[in-house]
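If you want the building blocks of each chain, they are given just below.
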Amino acid sequence: MTKKFIPIDYDYFDYDGKNHVKIFGRDETNEQICIIDTCPIFMWAILKENVTKKQIIELIKEVKEVYVQTKDRTTTIEKVETHEKNYSGKKVVALKIFATNYKDLSSVASKLDNELIDKRRGYDLGFTTHYIIEKKLNPLVWYDIETTELEEDDYDFIKNELKTEKVLKLNSHRPSTVDSIPSTDFTSRSLAYDIETDSLKPELGAILMISLYGKDFKKVITWKKGPTTQDYVEFVEDEKALLKTFLKHVEEYKPDFLVGYNSDAFDMPYIKTRAKMLKIKFPIGLDKSEPKIRKGIPPTTKITGITHLDLYKFVKTAYAQYMQSETLSLNDVASEFLGEKKIPFVFKHSKDIKENEWDLYYRYNLKDSDLAFQLFEKFLPDMIEFSKVVKEPIFEASRNGLSKQIEGYILHNLEKFNEIPERKPNQKETGARMQQGQTQGAFVFKPTAGLYEDLGMFDFTSMHTSIIISHNISKGTLIEPSTVNSQPSTDYNDSPEIKIDGKNIKYHFTKEPGFFPLLLQEIFDKRKQFKKEYNENPNPMTKARSNAFKVLSASAHGYIAFSGARYYSKEAAESILAFVRQYNQETIQKIKDAGQKIIYGDTDSVVFTLEGKSESTIKELLKKINSELPGVMNLELEGFFKRGLWVNTRGGETGAKKKYAMITENGIVKIRGFETVRRDWCELARKTQDHILRLILKQGNEKESLKYVKEIIKQLKERKISKDKLIIRTQLKKPITEYKAISPHVTAAIKMQKQGMAVGIGSLIEYYIGNTGGSSKLVRDKALLKNEDGEYDITYYLKKQMLPSVDQIFQVFGIDIKEVIDGQKQENLKKWF
DNA sequence: GCGGGCTTGTTACC
DNA sequence: ACCGGTAACAAGCCCGC
């Protein structure tokens, strides 16, 4: 039978002791089908140099005898072949060892301790990844497939087990040409879900309701009956019936994706535990399996056949670092990307909910699913894109950290280079890598505080990645021994001179392009493509996509320096960073030589004054610098700015790095590093600072700002500032008990814990400083919870929030803000200075 | 018990 | 633990006086 097929979810099972995949996806009629397939299972034994043919024949005999016995299977060697391969860019002879079960390859590997074998590789990819690499049935791509129906005795248990109507055996497949399908666009069926409970712990509270939201599908299922006019509310008898009804709707809808927000850690584990407590089955998987929760920090929840997606995870890795929102709560994220918020509803235990309040609770519950669904629709193209680029199933691609994404991408593309994959480092190696200490990083130009006019800013496009590509830097292209001399060589690509342990050395890399640098090119190009897309059509989504590939592209260097990476290389990381410093300083020099004054620079950027030159003259300069850059390296114009402000460090006499504010001719303001952008400062200090920065940038002087600050200070002293503007938000970065220094946010967290609130790693602790500490001088003794009664501590907010946030800004204009206010309000000030 | 230097911890920039 | 180095800064900690 010939069909079209798009693979979505991958799972595997053992049959007759052998691995099989079952792939869930859709066909051209949009029917959900399951494909069963197998693939050759093998690993590699790389032989030492100069092993003779005779020795190989003997070795093969020996290898064939290896087997692994586990409690439910015996894994044997099926055949052994000899191949010429590349390993880390070097030619090697390797045995391709075929075995019956992938899960035992690592045990097989440890039994191959013959002295002719140098290295054992390719046993630690995971079966799904191995399968995709081997058969090239990539996720989310349309294929033309040849299938056969299962015969009577084939996989009998599967047929009975699967909810999917069609289960087919795959014979062959090839990528479908775009033309052959009217619409190759994959229109997924998806449901977002959200639960409401009486507790954060399933042991302590029931699930009250579950909402589901999809295209033309709205449902709130609940056993808590209150008057409502919402026709989507479905009442059921009890919690058991609630779970069963939820299951029924999911089964009927047949979604490809079941989507939640933080559902990996909360919703699905909660449901699973409650089902267990209620002694009912919850066979949501298409193979009637329960959700599989991989415990860990953070946990992941997989449902066989239905891709369970947790948007929180994806937002966190792909977008978070470029987002405006200060938390990644559904409310903040929805508000940033959708311009919509959750329905306000104060959490109450169900026993405290009045009859007429249930209706709001239903609507609240539905809205959460609604928001999650809308976010899903916005993010799906990006998740699909990641999945396709990295060639990992969307379940993984949407959860993987950046190093995993880069690594997945590399592993899935090694075959083009005839490369044997590197293995994962073990714990000992990871530890040793970490102990080597830090690598010297980028260069940051020390600015001189001041308000500058007419500025230009250049920055390098994906600097680290373009260095890797242009200079062919990687573990595999490094010439060993690596601690080579500083003599320049025409045979190799040299790194800049690097000082290591007091010695100046240069690393050499081959001129022949290595697979790692070559592979980065695609990610690099994608980044360019999406940036262009954003520039042509700027909106929050094109921006997010552009940034998602920006982070992916920018992670290549971090990956190389990451102790857990297969292709880790300290030498490569050092070389990349040496180039980063060199290029930045060279660029600074070139701009200086052109007659511009350098104001600032950080890693890959330079800010300079125009010195009366026209923008087109500056663009010519940029062109000239670019003409001198190698490979894909590219310096671009970040922008022209009408004014820019740099300040001194607090209590210091020199300019502060990583803190500046600039404004374009059109009034677009760019603020970096200032308290304005730091969430651990109270809103009052941040908003005030933001306001005066803008005023100064717009007007070119401090006059208005001064008036403004005086007014705010007056209000603060008169207690006219509302407390919510004084809340300080700080995140717990580790378990409460592990803190050596007990800072205010830790005290506040302890308080919250005592009140029975769930606090732990990642919780954002909200507190304010009040007049409660008695004689204590410690700030922590005055930390009050957000909703705790008390008066705010005027002195603290003046001295520790307001003043610091504006002090250095006024210093630029020679104004001592303390004195100014002091002169005006002599008597009050004595109290706080 | 006070002050200064050091350490711990968080958040930002790139 | 899950990309890394550079930097600013607050608050606590610690030690000498």
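Residues numbered from 1 in each chain as written. Chains lettered and ligands numbered in written order. Predicted model: local features only at pLDDT ≥ 70, side-chain atom pairs only at ≥ 80, totals over all residues. Heavy atoms only, no water.

K.L.:
Could you give me a rundown of the overall build of chain A, with the residues and numbers involved?
P.N.:
In terms of helices and strands, chain A carries 23 helices and 32 strands. For chain A, the C-alpha radius of gyration of 31 Å lies close to 28 Å, the compact-globule estimate for 833 residues. Counting only C-alpha atoms and orienting by the principal axes, one finds that chain A spans roughly 95 × 80 × 55 Å. Expressed as a percentage of its 833 residues, the buried residues of chain A come to 55%. When contacts within chain A are restricted to residue pairs at least 6 apart in sequence, those whose partners lie at least 24 apart make up 67%. Carbon and sulfur atoms make up 48% of the accessible area of chain A, which amounts to about 38,400 Å² in all. (Helix = DSSP H or I, 4+ residues; strand = E, 2+ residues; numbered from the N terminus. Rg over C-alpha atoms; globule rule 2.2 N^0.38 Å. Buried < 20%, exposed > 50% of the residue type's maximum accessible area, 1.4 Å probe, protein only. Contact = heavy atoms within 4.5 Å. Areas by Shrake-Rupley, 256 points an atom, 1.4 Å probe, with all protein chains shown as cover.)

K.L.:
Mind laying out the sheet that holds strand β27 (residues 635-648), listing which residues take part and the relevant values?
P.N.:
The seven strands lie next to each other as β19-β25-β26-β20-β27-β28-β29, forming an open sheet whose pairing is antiparallel. Two strands lie at the open edges of the sheet, namely β19 (444-445) and β29 (669-672), each paired on one side alone. One ladder, built from 10 bridges, connects strand β20 (residues 450-460) with β27; its direction is antiparallel. Within β27, the residue paired with Phe460 across the bridge is Leu635. Sheet contacts for helix α16 (residues 570-593): β19, β20, β25 (597-602), β26 (605-609) and β27; angle to β26, the most-contacted strand, approximately 15 degrees. (Pairing = 2+ DSSP bridges. Axes fitted to C-alpha atoms, helices over the stretch in contact; angles between N-to-C directions.)

K.L.:
Lay out the packing of aromatic side chains with the relevant residues and their values.
P.N.:
Summed over the entire model, instances satisfying the criterion amount to 37 aromatic pairs. Each ring, one from Phe314 and one from Tyr319, has its centre 5.5 Å from the other, and the planes form 85 degrees; the classification is edge-to-face. By relative accessible area, Phe314 is classed as buried at 0%. The exposure class of Tyr319 is buried, given its relative accessible area of 2%. Looking at Lys79, its charged tip hangs above the ring of Phe98, at a distance of 4.5 Å from the centre. In this structure, Lys111 is placed above the aromatic ring of Tyr67, and the distance from its NZ or CZ to the ring centre is 5.5 Å. (Phe/Tyr/Trp six-rings, centres within 6.5 Å; stacked < 30°, edge-to-face > 60°. Lys NZ or Arg CZ within 6 Å of the ring centre and 35° of its normal.)

K.L.:
Got a sec to walk through the packing of helix α9 (residues 358-390) against helix α11 (residues 402-411)? Specific residues and values, please.
P.N.:
Interaxial distance between α9 and α11 falls to 8 Å at its minimum, and their mutual angle equals 45 degrees. As far as their axial angle goes, α11 and α9 are oblique. Counted together, Phe386, Val389 and Val390 of α9 and Gln405, Gly408 and Tyr409 of α11 form the full contact between these two elements. Looking at side-chain class alone, the contact of α9 with α11 contains four nonpolar, two polar and no charged residues. (Parallel < 35°, antiparallel > 145°, perpendicular 65-115°, else oblique. Nonpolar A, V, L, I, M, F, W, Y, C, P; charged D, E, K, R; others polar.)

K.L.:
Describe in detail the protein's contact with DNA strand B, supporting the description with residues and values.
P.N.:
In the region of DNA strand B, 21 residues are neighbours, and Asp604, Tyr660, Gly673, Gln731 and Tyr739 sit closest. At the protein interface, 91% of the atoms of DNA strand B within 4 Å belong to sugar or phosphate. Taking Arg679, its side chain carries an N or O atom lying 3.1 Å from a phosphate oxygen of DNA strand B. A distance of 3.1 Å separates a phosphate oxygen of DNA strand B from a polar side-chain atom of His745. Across the surface near DNA strand B, the residue classes tally to four nonpolar, six polar and 11 charged. (Near = heavy atom within 4 Å. Polar contact = N/O pair within 3.5 Å; in protein donor to acceptor, adjacent residues only side chain to side chain.)

Worth remembering: the numbers are spatial, not functional.
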